Amino acid sequence: MDLYPYLKSMAETDRSAVVICNLEHEIIYMNPVAVKRYEKWGGAELLGKNLLDCHGQTSGEMIRKVVDWFGRNQENNIIYTSYNPKENKDVYMVALRDEDRKLIGYYEKHEYRSRETEAFYDFGTP
């Protein structure tokens, strides 16, 4: 079964920015939220660019260290990288692996701590 359309739809409808990089740190995918979030830095034009060029030296070193850690063991798949108090969210880097568990890339995962404010099952009136 081809999961690509399902996984792409999942990323495209996520409320958080999703930026996927390959092992050369090239940005290979940005969901619509990420394109908008990073608009002042180029938005969709960041596709194909090196993620490390978007970060300072210290952040770049940490990204490299995390990717090296992912590569050392197939069980090394997620690491907590920061807390953003302004948005009340935790940020993680997550390994992406192929069917053989070989490391193929990574992405940043955002988990918001704020309680949802929408009503349960609010279908609205479209």
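Keep in mind it's a predicted model, so treat the numbers as computed, not measured.

Calculation rules
- Residues numbered from 1 in each chain as written.
- Predicted model: local features only at pLDDT ≥ 70, side-chain atom pairs only at ≥ 80, totals over all residues.
- Heavy atoms only, no water.
- Pairing = 2+ DSSP bridges.
- Helix = DSSP H or I, 4+ residues; strand = E, 2+ residues; numbered from the N terminus.
- Axes fitted to C-alpha atoms, helices over the stretch in contact; angles between N-to-C directions.
- Core = buried A, V, L, I, M, F, W, Y, C linked by side-chain atoms within 4.5 Å.
- Buried < 20%, exposed > 50% of the residue type's maximum accessible area, 1.4 Å probe, protein only.
- Contact = heavy atoms within 4.5 Å.
- Phe/Tyr/Trp six-rings, centres within 6.5 Å; stacked < 30°, edge-to-face > 60°.

Participant: Please give an account of the sheet that holds strand β4 (residues 89-97) that cites residues and values.
Facilitator: Spatially, the five strands line up as an open sheet ordered β2-β1-β5-β4-β3, and their pairing is antiparallel. Of all the strands in the sheet, the pair left with one neighbour each is β2 (27-30) and β3 (78-84). The sheet shows a mean angle of 20° between the axes of neighbouring strands, taken without regard to direction.

Participant: Can you lay out the nonpolar core for me, pointing to particular residues and giving the numbers?
Facilitator: With 17 residues, the main nonpolar core has I27, F70, M93 and Y106 as its most contacted residues. Among the elements of the structure, β1 (19-22), β2, α3 (57-72), β4 and β5 (103-112) are those that each provide at least two residues to this core. Ranked by residue count, the leading element in this core is α3, at four residues. Each residue touching F70, except ones within four places of it in the same chain, is listed here: N76, N77, I78, M93, V94, A95, R97, L103 and Y106.

Participant: An account of the packing of aromatic side chains is needed here, citing residue identities and associated values.
Facilitator: All chains considered together, the criterion is met by three aromatic pairs. Ring centres of Y80 and Y92 lie 5.3 Å apart, and the angle between their planes is 50°; this geometry places the pair in the tilted category. Of this pair, Y80 sits in strand β3 while Y92 sits in strand β4, placing them 12 residues apart in sequence. Residue Y80 is classed as partly exposed on the basis of its relative accessible area, which comes to 43%.

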